[in-house]
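# Coordinate analysis (summary)
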Amino acid sequence: MRKEVWFGLSILAAVIIAILVLMPAPADITNGHLGLLMLALIVVTIMLGFPTAFTLMGMGVMFTYLAYRNMGAQIAIEQTLDLMVLRTYAVMTNDVLIAVPLFIFMGYLVERANLIEKLFKSMHLAMARVPGSLAVATIITCAVFATATGIVGAVVTLMGLLALPAMLKAGYSVRLSAGAITAGGCLGIMIPPSVLLIVYGAVAGVSVVKLYAGAFFPGIMLALLYVIYVMTVAKISPKSAPPLSEEERRVTLPEFAQTVKDNVSNRALPGLIGAMKGKRNVDVPMKTLLGQSFIALLPALVFVAAMGLTYKIVTAPAPAEATGLVEMGFSAEFDSQDQYSGGLAEPEGAEQLGAAGSTEATASTAAAEGAGEDAAAQATPAPQSFWITLIIGTILLIAFYTIFTFARLEIFKMLLSSFFPLAIMILAVLGSIVFGLATPSEAAAMGSFGGILLALAYRKLNMEMMKESVYLAAKTSAMVCWLFVGSSIFSAAFALLGGQEIINSWVMGMNLTPIEFMILAQIVIFLLGWPLEWTEIIVIFMPIFLPLLAHYQIDPLFFGLLVALNLQTAFLSPPVAMSAFYLKGVAPSHVTLNQIFAGMLPFMGIQIIAIVLLYLFPAIGLWLPQVLY
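Computed from a predicted model, the values in this text were never measured in an experiment.

### Quick look at the side chain of Ser265
Looking at the element boundaries, Ser265 is found in the loop between helix H13 (255-263) and helix H14 (268-274). You can call Ser265 buried: its relative accessible area is 18%. A distance of 3.2 Å separates a polar side-chain atom of Ser265 from the backbone nitrogen of Arg267. Aside from chain neighbours lying at most four places away, what touches Ser265 is Val260, Gly271 and Phe406.

And the structure:
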């Protein structure tokens, strides 16, 4: 029998033994003990392979009946059925969950648009001179594609077919190759738009918008830590990640580029401009030169547009403030003589005095308004930081075009057709959510439409592909929603039995500081990630931790970011390391599961380092939500 099976069975046996040892005699069992027994049994049944959603529902219904058993069978059945209906209806009316099927549908559309092959090839060539270039390109490709799709299994499987053979052929170690693919494929559950964050937000009652804003920089930080680790390994141990040969780094130039390179210049922009004049243009059509020049100038055009928009924003005149001067009297609203035709009469000469005073007041008001308009019309001078950014950006742009050869132009064109469409779609969806332009559900609908446009642009959109994407999205969404229904019933039964009160009393009785509680919670979640997947951890165990956060004055938003980082381990930790099994299914026969597990361990260590960094420097996750909201 495999070692992994023995490991899983040993964990299962340990849980069962703990239940038998810690549970009191049947005569002494209280409702609270039943709640803890239910929690232990759900872990056992999930490890035995029972469907999680229906197991949660079944356990919840059975133990809810036991909680009401002293009221009589009829009342117990009625109360149990009422609880089922109410909890199911609460899930059905949860607006946050509308975004889940739309994001999943977007993911399946992007996956079937077949962008990943072009994306990996372009990243591979773009990173050719970086140490460990293939592994670095793999991590970046996984991060971008996993963020766009959110489907870990699809990303790991596709990259196992594309990147693993290429890395093994280049002499990369099996462990580093497997670790880069499996860890990179899991980044999609951390970097927004992430379904995990939507599920946590629905469970914890935290704004999904704030979670997306908070998770952006921690997700980027984790990806950068992966890249730094790969580059360090490549430098220290070149045998694990040998540099690419000159042949593998060579980019095949099209005929026009080769002609311009040989006759004019190897640098793209001077070569294209020089080829437009004189006899050197005979073999290259002017239309081709103009089109390629426009592509080459795109970085400069984007920089100019960005700086121009920034200048307009930072120099916009301040809005005019009201001066507070109001004309005295009621003459503007009604005629006093018409209203009060009988009473005290004004003395002679008062009309002239009143007219003079009114004229002076009107003049002073007009002068104040004119001064306010003049002040509003004056533009605010651009801050010094803008000019520093402009100068540095211009210098970098000049340096970029100095080294921008025709080979790099071809790589840039590959990125334009693979990386930038995905990046723009992700940033559009995420930006519309973070800046309050759209709700998560509306942004998810935009993302789905963007996925359709991408599939159409790459000529992959057809009725068969659309039907398959809709079917898979509906299937996955149904699983998530049933999981929510089951967890809602389960958590209600657990609280009804008093299990939550026992855990709260036990934890508070330990007299932990907030730091100690945070460490304990993260250790428990880390250990739960070994036998369980992130979905079970979020929907079953988060409702147990969340009531304790207020006592220790911990922000649920910050706690959610730590949990999201921690749950990266759920896909990498045996025996339920789903990423390892996805990769093993498409890996060559000589790549063993133990090698894949060994390759994932360093990346699990990096995830722990990322959790520590986020805890020591909370601004990594909380700065953006605080600035925006």
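### Remarks on the state of the cysteines
Under the counting rule described, the total for this entry stands at 0 disulfides. Not engaged in a disulfide, the cysteine Cys142 finds its nearest cysteine sulfur in Cys186; these two sulfurs lie 9.1 Å apart. A relative accessible area of 0% places Cys142 in the buried class. Given the relative accessible area of 0%, Cys186 is considered buried.

### Considerations on the packing of helix H15 (residues 286-314) against helix H19 (residues 406-434)
In contact at an axis separation of 11 Å, H15 and H19 are set at 80° when each is read in the N-to-C sense. In terms of orientation, H15 and H19 fall into the roughly perpendicular class. Residues Gln292, Ile295, Ala296, Leu298 and Pro299 of H15 lie in contact with H19, whose contacting residues are Leu409, Phe412, Lys413 and Leu416. For the contact of H15 with H19, the class distribution of residues is 7 nonpolar, 1 polar and 1 charged.

### Quick look at the pattern of salt bridges
Enumeration according to the criterion identifies 1 salt bridge in this entry. A salt bridge links Glu410 to Lys413; the shortest N-O distance between them is 3.0 Å. Of this pair, Glu410 and Lys413 both sit in helix H19, 3 residues apart, which is roughly one turn of that helix.

### Observations regarding helix H8 (residues 152-169)
With 18 residues, H8 extends 25 Å from end C-alpha to end C-alpha; this agrees with the ideal 26 Å at 1.5 Å per step. Here H8 has its buried residues at Val152, Gly153, Ala154, Val155, Val156, Met159, Gly160, Ala163, Leu164 and Met167. Against helix H5 (99-112), helix H6 (116-126), helix H7 (133-149), helix H9 (174-185) and helix H26 (578-584) lie the buried residues of H8. Backbone geometry just after H8 places Gly171 at a positive phi near 95°.

### Observations regarding a nonpolar patch on the surface
A surface patch of nonpolar side chains, amounting to about 410 Å² of accessible area, comprises Ile16, Ile17, Leu20 and Val21. Following the sequence through the fold, Ile17 ends up in helix H1 (residues 3-22). In this structure Ile17 comes out as exposed when scored by relative accessible area, which is 52%.

### Observations concerning unusual backbone geometry
Phi at Arg459 takes a positive value of approximately 60°, unusual for a residue other than glycine. Here Arg459 shows up in the loop between helix H20 (440-457) and helix H21 (463-496). By relative accessible area, Arg459 is classed as exposed at 78%.

### Focus on the packing of aromatic side chains
Under the counting rule described, the total for this entry stands at 19 aromatic pairs. On the basis of an interplanar angle of 55° and a centroid distance of 6.2 Å, the ring pair of Phe217 and Trp623 is categorised as tilted. Placement of the pair is Phe217 in helix H11 (residues 208-236) and Trp623 in helix H28 (residues 619-628), with a sequence separation of 406 residues. On the numbers, 5.9 Å between centres and 90° between planes, the contact of Tyr401 with Phe404 is edge-to-face. In this structure, Tyr401 and Phe404 share a single accessibility class: buried. Taken together, Phe400, Tyr401, Phe404, Phe412, Phe419 and Phe420 form an aromatic cluster joined through their ring pairs.

### Overview of the side chain of Glu410
With a relative accessible area of 10%, Glu410 lands in the buried category. Apart from the residues within four sequence positions on either side, Glu410 is in contact with Val251, Thr252, Leu253 and Pro254.

### Let's talk about the environment of Glu78
Structurally, Glu78 is set in helix H4 (residues 73-92). Assessed through its relative accessible area of 42%, Glu78 is described here as partly exposed. Between the C-alpha atom of Glu78 and that of Tyr65, which follows or precedes it by 13 residues, the distance is 9.2 Å.

### A word on the nonpolar core
Core analysis: the biggest nonpolar cluster contains 172 residues, and Leu422, Trp534, Met542 and Phe559 have the highest contact counts within it. The dominant element in this core, judged by the number of residues it contributes, is H11, at 14 residues. For Met542, the residues in contact, after removing those within four places along its chain, are Tyr200, Val203, Ile525, Ile537, Phe559 and Val563. Membership of the second largest hydrophobic core comes to 23 residues, among which are Phe256, Ala275, Ala300 and Leu397.

Rules of the game
Residue numbers here run from 1 along each chain, matching the order of that chain's written sequence. Totals for whole chains, interfaces and linings use every residue, but because this is a predicted model, local features are given only for residues with pLDDT of at least 70 and side-chain atom pairs only at 80 or more, for both listing and counting. For side-chain calculations, the full set of non-hydrogen atoms in the structure is used, while hydrogens and water are omitted. Each helix is a run of DSSP H or I of at least 4 residues and each strand a run of E of at least 2, with the numbering of both proceeding from the N terminus. Categorising residues by exposure relies on relative accessible area from a 1.4 Å probe, with only protein chains included: less than 20% of the type maximum marks a residue as buried, more than 50% marks it as exposed, and the intermediate range marks it as partly exposed. Between N or O atoms, a polar contact is any pair within 3.5 Å; within protein, one atom must be a potential hydrogen donor and the other a potential acceptor, and residues adjacent in sequence are included only when both atoms are from side chains. We call two residues in contact when some of their heavy atoms are within 4.5 Å. Any two cysteine sulfur atoms within 2.5 Å of one another count as a disulfide. An axis is simply a line fitted to the C-alpha atoms; with a helix, the fit covers only the stretch in contact. Between two such axes, the angle follows the N-to-C directions and lies from 0 to 180 degrees. By the definition adopted for this analysis, an angle is roughly parallel if under 35 degrees, roughly antiparallel if over 145, roughly perpendicular if from 65 to 115, and oblique otherwise. Put simply, Ala, Val, Leu, Ile, Met, Phe, Trp, Tyr, Cys and Pro go in the nonpolar bin, Asp, Glu, Lys and Arg in the charged bin, and everything else, Gly too, in the polar bin. Take a side-chain nitrogen of Lys or Arg and a carboxyl oxygen of Asp or Glu: if they are within 4 Å of each other, that pair is a salt bridge. A helix's residues, less one, multiplied by 1.5 Å, set its expected span. Patch membership needs two things, relative accessible area over 30% and no salt bridge, and members are linked within 9 Å if like-charged or within 5 Å if nonpolar (Val, Leu, Ile, Met, Phe, Trp, Tyr). The accessible surface values rely on the Shrake-Rupley method and a 1.4 Å probe; as for residues, cover is taken only from the protein chains in view. Each aromatic pair joins two rings of Phe, Tyr and Trp (for Trp, the six-membered one) with centres within 6.5 Å, and gets the label stacked for planes under 30 degrees apart, edge-to-face for over 60, and tilted for any other angle. Buried residues of nine kinds, namely Ala, Val, Leu, Ile, Met, Phe, Trp, Tyr and Cys, make up a nonpolar core once their side-chain atoms join them within 4.5 Å.

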